[in-house]
Structures are given as C-alpha cells and as structure tokens.
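As a plain string of letters, each chain reads:
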Amino acid sequence: MIKVEQLTKKYAGVTGIDQISFEVGKGEIVGFLGPNGAGKTTTMRILASYMPASSGRATVAGFDVFSESLKARRHLGYLPENVPLYHDMRVNEYLRYRGALKALSGKRLKNRIGVIKELCGLREVGRKKIAGLSKGFRQRVGLAEAMIHEPDLLILDEPTIGLDPNQIRQVRELIKSLGERHTILLSTHILSEVEATCSRVIIINRGRIEASDTPENLVNQLRTSGLLRLEVKSGSEDPIPHLTEISGVREVRPVSNGEWLCFEIRIEANSDPREQIFQLAVRRQWVIRELSKERATLEDAFVELTHTDR
Amino acid sequence: MRRFFTLLARELSAFYFSPIAYAVLFFFLILNGLSFWFSLALLSRGPSELTLIQAFFNTLFFWIAYLLVFPVITMRLFAEEFKLGTIETLMTAPVRDWEVVASKYLAALIFYLSMWLPSIFYFLIFSWLGNRSVVGTGAQIWGPYLLLLAMGMFNVSLGCLASSLTSNQIIAAMMGLVLVLGTFFLTMINYIINSSSPLVHDLTAYVAQLDHMESFSRGIIDTRPLVFYPTFALLVLVMTYHVFQYRRWKL
C-alpha cells in the first residue's frame, strides 16, 4: 500500500529525514514511533502529498505521491496533528463539504455521512458548530473526515493526543476496527497504544529508521538488562552478599526494610537466575513471598533505540 | 469542474455566513450613501453639466469605500488557512493548487461585485422618482460598473497575493492596503517629480484609476483599461499561485 524508497527531505540546510525506505502492506496497522523532531510528521506529510521530498520516491496505492499526486490522494485519508478544522462550520456541513471535495455526491455522500457519524459517535453533534466542540469531539470529526471517502489507506498523525483516557480507549477501539478494512499508518507517543493496536512498529530517530518489526520482536531483541523483584524474610541475616554471588546478578538494590525485605535485582541480559535464588533461599531457610521478573516493555525498546546521548 | 464549484461554494459561504462581511457591508453602504447624498447636494446647487452617475463615481467617499474594501475582503483568504492549519487538510484532499487559488479569488470577486449591487438601486429609484436624464444614459450607466469590474479584478488579485504571503490576517490587510494604495497613487509621481519624463507619464496612465473612472462615468468606454486590468490580475494571480505553493513546500 505504501512504498518508500530512499526518501530524503532537507529544509534550508537541515536534514529532516535521511534516505528512509520502508513498505507497508495492505491491511497492516503500522505504528510510527520516534522522539519529537525525528521526522514522523515530515514523512507523513510527504506521503499525503502535502509537500514534495528533496529526493527519493514514495508511492501510495501504486501512485507516485508527487507525479500522480491527485490519484494518490484519492486513495488516502490524512489526519494532521492537532486536527485543523474550520471553526465557523457545523459538523454536518463540514463533512458534506469534505465529502464533496473527495468526489462523493448525491445519495452516496448522504449515506457515507450517516455511516461515518454513527461510527465516530458524532450523531448528536451534527448540527453543532465546530468551534463549540470539545477536543475529543473535534478529534472524532477529524477522523470522520479522513475516512469519509473510504480510503484504502489512513495516515493518522497522533490521533489520540490531548484526549482523556476514556476517549483514548474509544479512538483506539475505532482504529482497531478500522484495521479490518483499511491500511493504517499512525504516529503516536503513547507506546501502550501501539502495543495494543499495531501489527508492526517503525521506530524513526533523527531522520533515520532504527527498527521495523512487530512490537513483541522489538521487546525480545532488547539488549538492556532485565529486572527481578524479590521479597524475602531472612531473619537476622543480610541477603545482599549472598545474592550478589550468584552468577548473572549485576546489582542488588534494597527497596524496603522491615521483617520482609524487598529487593530489586538487576540481571545480565539473557540470563534468568531465579532458580539459583530459590535454591539459595532453601539452603539458608529464607521465606520467599515474591520472586518475579519484570517484563520489558516497548518503552524500553523505544528508549534504547532512540536514546540521544549515545 | 465539480471540485472547483465545491471549493467556490465553500469560499462564498465563508463570506456570506460571517458577521464580519456584514459589518464591512454596513460601513461600505454608509460611505456609498454619503457619496450619493453629496452628489445630489452638488447637483441641486444649480445647473450643472454633471450627471448623477458622474458625480457619484467621483466623490471622495466613493474612492475611500472602493479602496478600503479590497484588503478587508481578501485578507482572510489564504492567511487563515495557514494560521488554522486547514491548509494541510485542504491540500491533501484531491484538489489542484490552481483550483484553490482560483476559487478563493473568484469568491472574493463575487463578494466585491455584490457589494456594488445596492448602488444600482439608488439610480433606479432616483430615475423612477425624479428626472431620468439627470442620472445619465446608456454607457454612462453601465460604463462605470464595467470599469469597477475590471479594476476590481486587479485589486482583488493584489489582495490575494498579500494574503498568500503571511499567516497573519492583519499583516495581510496592511500589505494588501499598501499594494492597492500604491498602485492607486502611482500617478502622483508626476506631481511630485516636476520634470517627469513623458515615458513615466505614459506608463502611470495605465493605472490611473481616477482618470479612468472620470472618462468611463462620462460614457467614454476606453478599451485599454479593460484589457490592462484583467491581464495584470492574471499575472498577479500566477504570482499568488507560486507563492502559495512555495510556502507549503518549504514548511
């Protein structure tokens, strides 16, 4: 659905994106991650034919975004960051205008407006002015507008920014349900959202692609060390010297004191000394209440791949 | 073409459904009314060779209303889209750049022309109530309106150019005003520079809007301004089109 080859965008001496290449297949929901200023919006704007690239090539649904821009634009719906809308228009009026602009007319336009309003929960605000809508509703108007012409591809730039947790959940559900029929490329800072919705993640940093894989694979490939939590009753004994002796343990940090001692144990990558810890406790007759390994998250992967002072 | 009309309908509704348009129309009609009242006062002072049309289209109030209206109606056109960011949704819809520029220009021109409609009624009512011959006949009536169209095409395009250059409506209005007044007062060079060459005199004569209106309201239809103004309007619109593209692309 999207094919990007060696795409570069330079702004007055600054390189926005630097020779990036990736592909998005039909039906995929791809999360586009990266720190602020990494080039996410730039890439999305080029894909949406808003501005041309300095060099390289990008196609949407088989059409070049520069030379066949009008055809490419017919196949995509784009929701820009911050959802720009005409404040003086009413919701119905806006959807009708945008639908007509995207070559819908007559019965089909009317039909689509009805369907899309139902889907995005806009039924009760149809006659309201956009200026008077809350942020959540505006976001939904933007989404409704982006997909009014049933595009094959949806490009959403931070679709959940500024929403409250309930609204984020609603939008996430909406995006998930859309994924059945549309291909979606979305950018976001909320990593749990990506884990919940996306089938693939592209991490971009300083204009370059750092990784492109499923969220699970990215987490599994982490090079950072893991973390164990241990809650133990050891009587009068101090468990720290014993614990540090175990191979694979890098650092032991006490978290709380008292009868029950709590530790955070940093371990080497790809090691799991939980068995040894258990056996140690058995030998020294300690009582263990908790021994767990903290699961690495996509956030860890993100931080590792995009950490700037490398 | 359907896309173009969709865009045009949106631009027109943005004009006619906004309170600002009616505020502008209100002050414009006050100035027009004053202009009409002064021309009547002038004619009722005694026998005169002037027709009512001639008097109306050459008062100070007429020119003030005429000149100030351009920046006010055009300042919003592009600046607001850039400011709100709606330019991004607009230009990622399947529309061509020239369709956007042309629809905005045409909507402003239509609004401008509709502002002159009430003044036609002044003359209709006057000729119905009073003396027909005082108003003027034939080309004396439609001549000035034809010129208003031609000069309007030119000045609206200047306003469009100003609006495409900035995201701030006030700055767009100021730049538009400078462009409109700048071309209007260009003939004044001949008064400032005592020994201006005939070449300068001839060149500035092309944009001498005061002189053109003077002759058109006498019923003398000069084809030069009718060709000159639309041609330059097209030139300025092409510039607007390029500025519009450039601003979007360098973002």
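Residues numbered from 1 in each chain as written. Chains lettered and ligands numbered in written order. Predicted model: local features only at pLDDT ≥ 70, side-chain atom pairs only at ≥ 80, totals over all residues.

A. View of the overall build of chain A. Looking only at helices and strands, chain A has 11 helices and 14 strands in total. Taking 310 residues into account, the globule formula puts the C-alpha radius of gyration at 19 Å, and chain A, at 25 Å, lies well above it. Across chain A, contacts joining residues at least 24 apart in sequence account for 67% of those joining residues at least 6 apart. (Helix = DSSP H or I, 4+ residues; strand = E, 2+ residues; numbered from the N terminus. Rg over C-alpha atoms; globule rule 2.2 N^0.38 Å. Contact = placed C-beta atoms within 7 Å.)

B. Examining the overall build of chain B more closely. Helix and strand counts for chain B stand at 14 helices and zero strands. For chain B, the N- to C-terminal ordering of α and β elements is α-α-α-α-α-α-α-α-α-α-α-α-α-α. For 251 residues, the compact-globule estimate of 2.2 N^0.38 gives 18 Å, and chain B sits close to it at 20 Å. For chain B, the proportion of its 251 residues judged to be buried stands at 37%. A sequence separation of at least 24 residues applies to 80% of the contacts in chain B between residues at least 6 apart. (Buried ≥ 20, exposed ≤ 12 C-beta atoms within 10 Å, placed from the backbone.)

C. The arrangement of unusual backbone geometry in detail. All names here are of chain A. Notably, Gln6 is not glycine yet its phi reads approximately 50°, a positive angle. Tracing the backbone shows Gln6 in strand 1 (residues 2-11). The phi dihedral of Arg206 is positive, around 45°, even though this residue is not glycine.

D. Structural context of the sheet that holds strand 5 (residues 63-64) of chain A. Residues and elements named next belong to chain A. A sheet is described by the order of its strands in space; here four strands give the open sequence 2-1-4-5, paired in antiparallel fashion. Of all the strands in the sheet, just strand 2 (14-24) and strand 5 have a single pairing partner and so form its edges. With two bridges connecting them, strand 4 (residues 55-60) and strand 5 associate as antiparallel partners. Residue pairing in the sheet places Val60 in a bridge with Phe63 of strand 5. (Pairing = 2+ DSSP bridges.)

E. Local environment of the packing of helix 4 (residues 106-120) of chain A against helix 5 (residues 135-146) of chain A. All names here are of chain A. Across the interface, helix 4 lies against helix 5 with an axial gap of 10 Å and an inter-helix angle of 140°. Taken together, helix 4 and helix 5 sit at an angle that is classed as oblique. The crossing of helix 4 and helix 5 is right-handed. Contact with helix 4, carried on its side by Ile116, Lys117 and Cys120, involves Arg140, Leu143 and Ala144 of helix 5 and no other residues of that element. The residue makeup of the contact of helix 4 with helix 5, split by class, is four nonpolar, no polar and two charged. (Axes fitted to C-alpha atoms, helices over the stretch in contact; angles between N-to-C directions. Parallel < 35°, antiparallel > 145°, perpendicular 65-115°, else oblique. Left-handed = near helix turned anticlockwise from the far one by under 90°. Nonpolar A, V, L, I, M, F, W, Y, C, P; charged D, E, K, R; others polar.)

F. Molecular detail of the interface of chain B and chain A. In this complex, chain B contributes 20 residues to the contact, which on the side of chain A involves 21 residues. Where the side of chain B that touches chain A is concerned, the elements lending two or more residues are helix 1 (2-16), helix 6 (86-91) and helix 14 (223-249) of chain B. Residues of the side of chain B that touches chain A, tallied by class, amount to nine nonpolar, six polar and five charged.

G. Structural context of the sheet that holds strand 7 (residues 153-157) of chain A. Residues and elements named next belong to chain A. Within the open sheet, the six strands sit side by side as 6-7-8-3-9-10. Their pairing is mixed. Unpaired on one side and paired on the other, strand 6 (76-79) and strand 10 (208-213) mark the two borders of the sheet. Each neighbouring strand pair of the sheet contributes to a mean axis angle of 15°, computed without reference to strand direction. Along the sheet, helix 1 (residues 40-47) contacts strand 3 (29-33), strand 7, strand 8 (183-187) and strand 9 (200-205); its crossing angle with strand 7, the most-contacted strand, is approximately 150°.

H. A look at the confidence of the model for chain A. Mean pLDDT over chain A works out to 86, with 98% of the residues at or above the 70 mark. Of all helices and strands in chain A, the one with the weakest mean pLDDT is helix 11 (residues 298-306) of chain A (76), whereas helix 3 (residues 91-101) of chain A scores best (94). (pLDDT = per-residue confidence, 0-100.)

I. Molecular detail of the packing of helix 4 (residues 60-74) of chain B against helix 10 (residues 169-184) of chain B. Residues and elements named next belong to chain B. The contact between helix 4 and helix 10 brings their axes to 8 Å, and the two run at 150°. It follows from the interaxial angle that helix 4 and helix 10 lie roughly antiparallel. Between helix 4 and helix 10 lies a crossing of right-handed hand. Here Leu67, Phe70, Pro71, Val72 and Thr74 of helix 4 lie close against helix 10, whose contacting residues are Ala173, Gly176, Leu177, Val180, Leu181 and Phe184. Across the contact of helix 4 with helix 10, the residue classes tally to nine nonpolar, two polar and no charged.

J. Molecular detail of the nonpolar core. If you look at the biggest cluster of nonpolar residues, it comprises 125 residues, and the most contacted ones within it are Leu47, Ala144 and Ile155 of chain A together with Ala108 of chain B. Ranked by the residues each element gives to this core, the list is headed by helix 9 (residues 139-164) of chain B, at 11 residues. Discounting residues that sit within four places of it in the chain, Ile155 of chain A has contacts with Met44, Leu47, Ala48, Leu76, Tyr78 and Leu185 of chain A. In this structure, Leu228, Leu230, Ile265 and Ala281 of chain A belong to the second largest nonpolar core, which totals nine residues. (Core = buried A, V, L, I, M, F, W, Y, C linked by C-beta atoms within 7 Å.)

K. Molecular detail of helix 10 of chain B. All names here are of chain B. Between its terminal C-alpha atoms helix 10 stretches 22 Å, which fits the 22 Å expected from 16 residues at 1.5 Å a residue. Of all the residues in helix 10, the buried ones are Ala172, Ala173, Met175, Gly176 and Val180. If you follow the buried residues of helix 10, they end up packed against helix 4, helix 5 (76-84) and helix 9. (Expected span 1.5 Å × (residues − 1).)

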